[in-house]
Amino acid sequence: MELASLLASSVRDALTFWLPVSCAGCGALDIDVCDGCRAALVPRPVSRVLAPDLTVTSALAFAGPVARVIRALKEEGRTPLAGALAPALRAVLHEVPPDALITAVPSTRAALRRRGYRPVELVLRRAGHRDRRLVGLRRATRDQRGLDRDARRQNVGGAFAARPVAGVPVVLVDDVVTTGATLLEAARALRAAGATGVSAVTLAHTPRCGDLGGEPKVIDT
Ligand SMILES: [Zn+2]
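Let us look at the structure shown here. In this text the structure is predicted, and so the values were computed from the model without any measurement.

## A few points about the pattern of salt bridges
Then step 1. Tallied over the full model, the rule gives 8 salt bridges.
Then step 2. For Arg115, the salt bridge is made with Glu75, and the minimal N-O distance between the two is 3.0 Å. A residue pair is termed long-range when its members are at least 10 positions apart, and Arg115 in helix H5 (residues 109-115) and Glu75 in helix H3 (residues 64-75) qualify at 40 residues.
Then step 3. Exposure remark for Arg115: the relative accessible area of 9% places this residue in the buried category.
Then step 4. Ionic contacts of the salt-bridge type, sharing partners, join the residues Glu75, Arg114 and Arg115 into one network.

## Digging into the nonpolar core
Where a protein is soluble and globular, its nonpolar side chains tend to be buried together.
Then step 1. Leu41, Ile70, Leu85, Leu89, Leu93 and Val173 are the most contacted members of the largest nonpolar core, which has 37 residues in total.
Then step 2. If you list the elements that add at least two residues to this core, you get strand E2 (54-61), H3, helix H4 (81-93), strand E3 (101-104), helix H6 (119-126), strand E6 (169-177) and strand E7 (197-205).
Then step 3. In terms of residues, this core owes the most to one element, H4, which gives 8 residues.
Then step 4. Counting residues in hydrophobic clusters, the runner-up holds 26 residues, among them Leu134, Leu137, Leu183 and Ala200.

## A short note on the coordination of the zinc ion
Then step 1. Around the zinc ion, the protein contributes the donor atoms Cys23 (SG), Cys26 (SG), Cys34 (SG) and Cys37 (SG), at 2.3 to 2.4 Å from the metal centre.
Then step 2. One can describe the site at the zinc ion as tetrahedral: its 4 donor atoms subtend angles covering 104 to 117° at the metal.
Then step 3. Each donor residue of the zinc ion belongs to the same chain, with the gaps between them written as C-x2-C-x7-C-x2-C. Taken as a pair, Cys26 in the loop between helix H1 (3-18) and helix H2 (35-40) and Cys37 in helix H2 lie far apart in primary sequence, 11 residues in all.
Then step 4. On the basis of relative accessibility, which here comes to 48%, the residue Cys26 falls in the partly exposed class.
Then step 5. Look at Cys37 and you get buried, because its relative accessible area is 4%.

Conventions we followed
- The residue numbers shown here count from 1 along each chain, following its written sequence.
- Only residues with pLDDT of 70 or above have their local features reported here, since the model is predicted, and side-chain atom pairs are shown and tallied only from 80 upward, although totals for entire chains, interfaces and linings are computed over all residues.
- Remark: hydrogens and water are excluded; side-chain values derive from all non-hydrogen atoms of the structure.
- Note on definitions: salt bridges are taken to be side-chain nitrogens of Lys or Arg within 4 Å of carboxyl oxygens of Asp or Glu.
- Under the DSSP-based scheme used, a helix requires at least four consecutive residues in state H or I and a strand at least two consecutive residues in state E, with every element numbered from the N terminus.
- Exposure categories follow from relative accessible area, calculated using a 1.4 Å probe and restricted to protein chains: below 20% of the type maximum is buried, above 50% is exposed, and the middle band is partly exposed.
- Put simply, buried Ala, Val, Leu, Ile, Met, Phe, Trp, Tyr and Cys residues joined by side-chain atoms within 4.5 Å make one nonpolar core.
- In this listing, donors mean N, O and S atoms no farther than 2.8 Å from the metal, or 3.2 Å for Na, K and Ca; water is missing from the atoms, so a site can look incomplete.
- Angle rules define the geometry names used: all angles between 85 and 135 degrees makes four donors tetrahedral, while opposite donors over 155 degrees apart and all other angles between 65 and 115 make four donors square planar and six octahedral, leaving every other case irregular.

Laid out in structure tokens, this is it:
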């Protein structure tokens, strides 16, 4: 582990020890996630076609307690929340073919330095899956938040490269899908590296997915 990451995680552990715990979804005291917020994390999978060759299935709608729990995991160092989010991710991964490789979309370098951990990888691990880290960044990208769809596409265009995966299906995993620009670009890199089929799953989807066209299709799991 890099020194910066090690320090970040030491500081985080110290804070976790000293600060009183409150529900990441609603602020209720003395509990990581209260029963009400845990109920909001029960998966309700929705599938969307991002492109003719890429469908994304998301477990939750990114709103209310769901959004707050995901943000607390990502931005407040509350890594134990990976356990509360794991059932949702497990639900959208349960039909993954046994020979498929699972890989998370990489965090930006700045985010990784700031956090010292990979949130999606933590949730994957708690869901019983391993991140194969097949996709890497070829160049720096900006945080996608606050960018419109065209700017997002430009920001990640050609930004990813994948390790050779000839003849193997791959499932891409991310925390939240908004316009799908990041997933589309990562899928392109995987196909260029030889993946036979690429699909995508995310913990949550934002309403902005709607402007990709078509009504979200609710699927059974
Ligand atoms: Zn709560």
